[in-house]
Amino acid sequence: ELTMHIRHWRQVRDLVTAGILLLGVLGLGGGLAAIQVFRQQGIASQMDGVISEIEPRTRQVKTRMRAIQLVDSVLSHRQRLATLLGGAFGMTPAPVVLESLTFERTKEELVLRGRAPTTQEVLAYLEALKQLEGVVGVHLKHSTRRSTPTGEQTSFELVIEQEHP
């Protein structure tokens, strides 16, 4: 019976030792996990500080980028319109008289109103305008042939469709 008691005592001692070792390993693992969480919280708070520091600058940059894009859009639009107007005026033959022009921004159309001695000259002008850079199409909205004290005149309205960017 003493042998059994000694064997039982050794088993209890071995189990207690294993339990203490297991508790030590669990405690060490928990401590390491806590240290890792603490480090991550420190890094997160540092990153929050950096983010709060650069956030106003980021907003300023975004605002400036929007302004730059708007200015670029307006300048590009005006440059295309100036090119179109220069081309239209440059292609206007001497007998054709332009009386008014209107630019419809929403439609990207330039409307030219004028007069010419003949309908043929109006049609030739229309064909010449079709060759302009950035022009998608040109069509005759209306023309009217009239007798005036100086002779026959054709009043016209041309619509020049500009290509969309």
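Residues numbered from 1 in each chain as written. Predicted model: local features only at pLDDT ≥ 70, side-chain atom pairs only at ≥ 80, totals over all residues. Heavy atoms only, no water.

Topic: the nonpolar core
Then comes step 1: Core analysis: the biggest nonpolar cluster contains 16 residues, and L112, Y125, L129, F156, L158 and I160 have the highest contact counts within it.
Then comes step 2: Of all elements in the fold, only α1 (2-91), β2 (109-116), α2 (119-129), β3 (135-148) and β4 (151-162) reach the threshold of two or more residues within this core. (Core = buried A, V, L, I, M, F, W, Y, C linked by side-chain atoms within 4.5 Å. Buried < 20%, exposed > 50% of the residue type's maximum accessible area, 1.4 Å probe, protein only. Helix = DSSP H or I, 4+ residues; strand = E, 2+ residues; numbered from the N terminus.)

What to know about the pattern of salt bridges
Then comes step 1: Under the defined criterion, the tally for this structure stands at 8 salt bridges.
Then comes step 2: A salt bridge links E108 to R80; the shortest N-O distance between them is 3.5 Å. With E108 in the loop between β1 (97-104) and β2 and R80 in helix α1, the pair connects residues that are 28 residues apart, well separated along the chain.
Then comes step 3: Of the residues examined, E108 reaches a relative accessible area of 8% and is grouped as buried.
Then comes step 4: For E127, the salt bridge goes to K130, with nearest N and O atoms at 3.3 Å.
Then comes step 5: The partly exposed category is assigned to K130, whose relative accessible area is 36%.
Then comes step 6: Counted as one network, the salt bridges with shared partners bring together R113, K141 and E157. (Salt bridge = Lys/Arg side-chain N within 4 Å of Asp/Glu carboxyl O.)

With respect to the side chain of S155
Then comes step 1: Checked against the element boundaries, S155 lands in strand β4.
Then comes step 2: At 3.2 Å, the side chain of S155 forms a polar contact with the side chain of R146.
Then comes step 3: Excluding residues that lie within four positions of it along the chain, S155 makes contacts with G114, R115, H142, S143, T144 and R146. (Polar contact = N/O pair within 3.5 Å; in protein donor to acceptor, adjacent residues only side chain to side chain. Contact = heavy atoms within 4.5 Å.)

Notes on the pairing of β2
Then comes step 1: Taken across its 8 residues, β2 has 6 buried, putting it largely inside the fold.
Then comes step 2: One ladder, built from 7 bridges, connects β1 with β2; its direction is antiparallel. Paired with L101 across the strands is L112, a residue of β2.
Then comes step 3: Where β1 folds back on β2, the antiparallel hairpin that results is connected by 4 residues, among which E108 adopts a positive phi of roughly 55°. (Pairing = 2+ DSSP bridges.)

Examining α1
Then comes step 1: The end-to-end C-alpha distance of α1, which contains 90 residues, comes to 124 Å, matching closely the 134 Å that a straight helix rising 1.5 Å per residue would cover.
Then comes step 2: At I54, α1 shows its strongest bend, of approximately 35°, with the proline P56 following within four residues.
Then comes step 3: Listed as buried for α1 are H77, R80, L81, L84, G87 and A88.
Then comes step 4: On its buried side, α1 packs onto β1, β2, α2, β3 and β4. (Expected span 1.5 Å × (residues − 1). Bend = angle between axes of the 7 residues up to and from the residue.)

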